[in-house]
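Chains, contacts and geometry: an overview
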Amino acid sequence: MKITRAEVEHVAKLARLDLSDPELDTLTVQMDSILTYVEKLNALDTDGIVPTSHAVPMENAFRPDERKDSIGVEAALANAPQRAESFFRVPKVIE
Amino acid sequence: MKYQVVIGLEVHTQLTTNTKIFCGCSTRFGAEPNSQTCPVCLGFPGALPVLNKKVVEYAIRAGLATNCSITKRNVFARKNYFYPDLPKGYQISQFDLPICQHGHLDIDIEGETRRIGITRIHMEEDAGKLVHADIPGVDDSCVDLNRACTPLLEIVSEPDMRSPDEAIAYLKKLHQIVMYLGICDGNLEEGSFRCDANVSLMPVGSSTFGTRAELKNINSFKFIKQAIEYEMERQAEILDEGGRIIQETRLFDPNTGTTRSMRGKEEAHDYRYFPDPDLVPIIISDEWIEEARGTLPELPEAKRARFMTDLALPEYDAEVLVASRELAQYFEDTFTLFPQAKTVSNWVMGEVTRALNDDGRSISDCPVTPALLADLLKLMEKGTISGKIAKTVFDEMYKSGKAPEKIVEEKGLVQVSDTGAIEAMIDEVLEKNPGQVAEYRGGKETLFGFFVGQVMRASKGKANPALVNEMLLKKLNG
């Protein structure tokens, strides 16, 4: 096994996914088969090869430090489930 | 048991760019909530971040000024976690390839130099702000995303500090440097320079670090010292009772001077970093590094050394004058026009600083410009006015911004060097004080100062003190 049920549960929790027991069983099997498949890559000799962070051979895409208009408070909040004055309103966060 | 404290610091400096790190929204502080936002910083699906070039330039500057090596190939990574102030569900940061590494700063502690290692400096975006707004009927939390996506440099030190004073010295030095570089406004209250402290204890003589607590939310140098001191006491108490320190994040409460556990944030420090596919790698050429080196100003340490060796200023003066780049500049501009370093230094540290402190102004809006101050010092040097009168003229210049010559003329403050006039005043003083004259002539020479004072008063401070001294001596002895 490449992944345990407990690991799948942990990853689900980090992703805020509430999975049922049967779902966890199914996903553990599926993720295990994905990892087994991807493991084929380990057969390649990658000594001296820099880890590939990006698939596109491109670098140094910048923008100048110049202001652009913002979209405005109304547009920013248009999709907010709840608002209070100009704020997004969210369930109380207790620290 | 006796314990040795071990401190490492993480400083977040907000960069003074006009726009955010990945979009063109303004970074101005204090705007209406959510008015400086766009699809990129709101984390709307499909919006593409594009890196602000200035952020990279500022990061290189910071690295060079703290003796770091600059990483040639940089990659941004996603740090994944959920929090209401983080709209995307991840923060764009750097992970295994920070832009600067292996630097150091030297600090002076009681005359000794201590080298504090800098592990890394990396670029990242800030989160938004969670506020408990004072809105009637709203007990929920409110989110303002104006700050989201504001560029930050996180500067991480090695756990090299061994006392709260060392931590403060390191922070002040770092603060001074980022301000000299012009990359951060250094405003602690507005959160432009924020500090987290990792604090642990180990038995004196040990070399194995204890478990640390991370102290957050400390926004003044004074509070940092307080927070570390409180944490040292708290941990010592636990260890003395045979307890164990839990690795955790603790919030400093400035009202009580204590720290308390933030258990809510403890869950899952599992950020699952991976390279952000939306941002392409940044390759920094040697030319770029050299170009950035060319923009570095003279840093406080070098300036201080130069003031001491080239201008022969005492260490104390040099230290005070380099406190801020603006103050040093003011001193140097005045010195260029009136090249007597110690005199200029005395005035800048004395009258200028006093007047500014009195009405809470900063040196950059001092009404007495370096040119005006130099003019005043020249009048003093020529003997047109005495040192005492110069202070009166200075106060007037500070109030009105007028040229010193004009004030001297208007108020009739020109120093009296006319020997006839001075002689008349001396005669009058001696005539009025026959008793003291007899005592002086009888051997009580300490009375000399009294006569000088009387003559100066008679002249309303305008008599040339050197002439008064000389002529008085003749009169009294002759």
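Located above this text is the structure these notes cover.
1. Side note on the overall build of chain B
Of the regular secondary structure elements, chain B holds 16 helices and 17 strands. Seen through its C-alpha atoms, chain B measures out along the principal axes to roughly 95 × 55 × 55 Å. Of all 478 residues assigned to chain B, the portion counted as buried reaches 39%.

2. Structural notes on helix H13 (residues 419-432) of chain B
All names here are of chain B. A rise of 1.5 Å per residue sets the reference length of H13, with its 14 residues, at 20 Å; its end C-alpha atoms lie 20 Å apart and thus fit the reference within 8%. For H13, the set of buried residues is Ile 422, Met 425, Ile 426 and Val 429. Summarising the axial view, the buried residues of H13 lie within an arc of 100°, below the 170-degree limit, and thus occupy one face. Exposed side chains of H13 directed beyond 90 degrees from the buried face belong to Gly 420, Ala 424, Asp 427 and Glu 431. In this structure, the buried residues of H13 make contact with helix H15 (448-458) and helix H16 (465-477).

3. A closer look at H15 of chain B
All names here are of chain B. What H15 keeps buried is the set Phe 451, Gln 454 and Val 455. The buried residues of H15 occupy an angular sector of 95° when the element is viewed end-on, so they sit on one face. In H15, those exposed residues whose orientation departs by more than 90 degrees from the buried face are Gly 449, Gly 453 and Arg 457. Buried residues belonging to H15 abut H13 and H16. Note on H15: the residue one or two positions beyond its end, Lys 460, has a positive phi of about 55°.

4. Some remarks on unusual backbone geometry
All names here are of chain B. Backbone geometry at Glu 110 places phi at a positive 45°, although glycine is not the residue there. Within the fold, Glu 110 resides in the loop between strand S7 (100-109) and strand S8 (112-125). Glu 110 gets classed as exposed once you count the C-beta atoms within 10 Å, which come to 7. Even without being a glycine, Cys 149 presents a positive backbone phi close to 80°. Mapped onto the elements of the fold, Cys 149 is located in the loop between strand S10 (141-144) and strand S11 (151-157). Look at Cys 149 and you get buried, because 31 C-beta atoms sit within 10 Å.

5. Observations regarding the sheet that holds strand S16 (residues 274-275) of chain B
Residues and elements named next belong to chain B. Strand order in the open sheet formed by three strands is S6-S5-S16, and the pairing between neighbours is antiparallel. Strands at the two margins of the open sheet, each flanked by one partner only, are strand S6 (90-93) and S16. By the bridge criterion, four bridges tie strand S5 (residues 77-80) to S6 in an arrangement that is antiparallel. Of the residues in S6, the one forming a bridge with Asn 80 is Tyr 90.

6. Comments concerning the interface of chain B and chain A
With 44 residues of chain B at the interface, the matching set in chain A holds 33 residues. Those elements giving two or more residues to the side of chain B that touches chain A turn out to be strand S2 (51-52), helix H2 (53-65), S10 and strand S17 (282-283) of chain B. Tallying contributions element by element places S10 of chain B first for the side of chain B that touches chain A, with four residues. Tallied by class, residues from the side of chain B that touches chain A come to 24 nonpolar, 12 polar and eight charged. Relative to S10 of chain B, strand S3 (residues 87-90) of chain A runs antiparallel, the two sharing three bridges. What sits directly across from Arg 89 of chain A, in S10 of chain B, is Cys 142 of chain B.

7. Quick word on the nonpolar core
Residue and element names in this part refer to chain B. Among the nonpolar cores identified, the biggest contains 79 residues, and Cys 41, Ala 59, Ala 62, Ile 121, Ala 167, Tyr 170 and Ala 197 are the most heavily contacted of them. It is helix H3 (residues 164-181) that provides the largest number of residues to this core, a total of 10 residues. Discounting residues that sit within four places of it in the chain, Ala 167 has contacts with Ile 7, Leu 9, Met 161, Ala 197, Ile 224 and Ile 228.

8. A short note on the packing of H13 of chain B against H15 of chain B
All names here are of chain B. Where H13 contacts H15, the axes come no closer than 9 Å and their chain directions differ by 125°. Judged by the angle between their axes, H13 and H15 are oblique. Considering how the two elements wind past one another, H13 and H15 form a crossing that is right-handed. Between H13 and H15, the residues in contact are Met 425, Ile 426, Glu 428 and Val 429 and Phe 451, Gln 454, Val 455 and Ala 458, respectively.

9. Examining the pairing of strand S15 (residues 258-261) of chain B
All names here are of chain B. Pairing between strand S14 (residues 248-253) and S15: four bridges, direction antiparallel. Each bridged residue has a counterpart across the sheet, and for Asp 253 the counterpart in S15 is Thr 258. The hairpin turn running from S14 into S15, its antiparallel successor, is four residues long, and Gly 257 in that turn takes a positive phi close to 70°.

10. Points about the sheet that holds S10 of chain B
Spatially, the four strands line up as an open sheet ordered S2(A)-S3(A)-S10(B)-S9(B), and their pairing is antiparallel. Each having just a single partner strand, strand S2 (83-84) of chain A together with strand S9 (129-131) of chain B make up the two edges of the open sheet. By the bridge criterion, two bridges tie S2 of chain A to S3 of chain A in an arrangement that is antiparallel. Looking at S3 of chain A, one finds that Arg 83 of chain A is bridged to Phe 88 of chain A.

Analysis parameters
- Sequence order as written defines the numbering, with residues in each chain counted from 1.
- The lettering of chains begins at A and the numbering of ligands begins at 1, in the order of writing.
- For this predicted model, a pLDDT threshold of at least 70 governs which residues receive local features, and a threshold of 80 or more governs which side-chain atom pairs are given and counted, while totals over whole chains, interfaces and linings are taken from all residues.
- Numbering of helices and strands runs from the N terminus; a helix is a DSSP stretch of H or I covering at least four residues, while a strand is a stretch of E covering at least two.
- Three classes are used. A residue is buried when 20 or more other C-beta atoms lie within 10 Å of its own, exposed when 12 or fewer do, and partly exposed in between, with C-beta atoms placed from the backbone.
- Expected span of a helix: the number of residues minus one, times 1.5 Å.
- Directions from the helix axis toward the C-beta atoms define the arc.
- This entry defines residue contacts through backbone-placed C-beta atoms, with two residues in contact when those atoms are within 7 Å.
- Here, strands pair whenever DSSP counts at least two bridges between them.
- Asp, Glu, Lys and Arg are counted as charged, while Ala, Val, Leu, Ile, Met, Phe, Trp, Tyr, Cys and Pro are counted as nonpolar; the rest, among them Gly, fall into the polar class.
- A set of buried Ala, Val, Leu, Ile, Met, Phe, Trp, Tyr and Cys residues, joined to one another through C-beta atoms within 7 Å, is what we call a nonpolar core.
- A fitted line through C-alpha atoms serves as each axis, taken over the contacting stretch for helices, and the angle formed by two N-to-C directions is quoted from 0 to 180°.
- Angles below 35 degrees are treated as roughly parallel, those above 145 as roughly antiparallel, those between 65 and 115 as roughly perpendicular, and all remaining angles as oblique.
- By the definition used in this description, the sense in which the near helix is turned from the far one sets the handedness, with an anticlockwise turn below a right angle giving left-handed and a clockwise turn giving right-handed.

Honestly, that's just the spatial picture; any functional story needs more than this.
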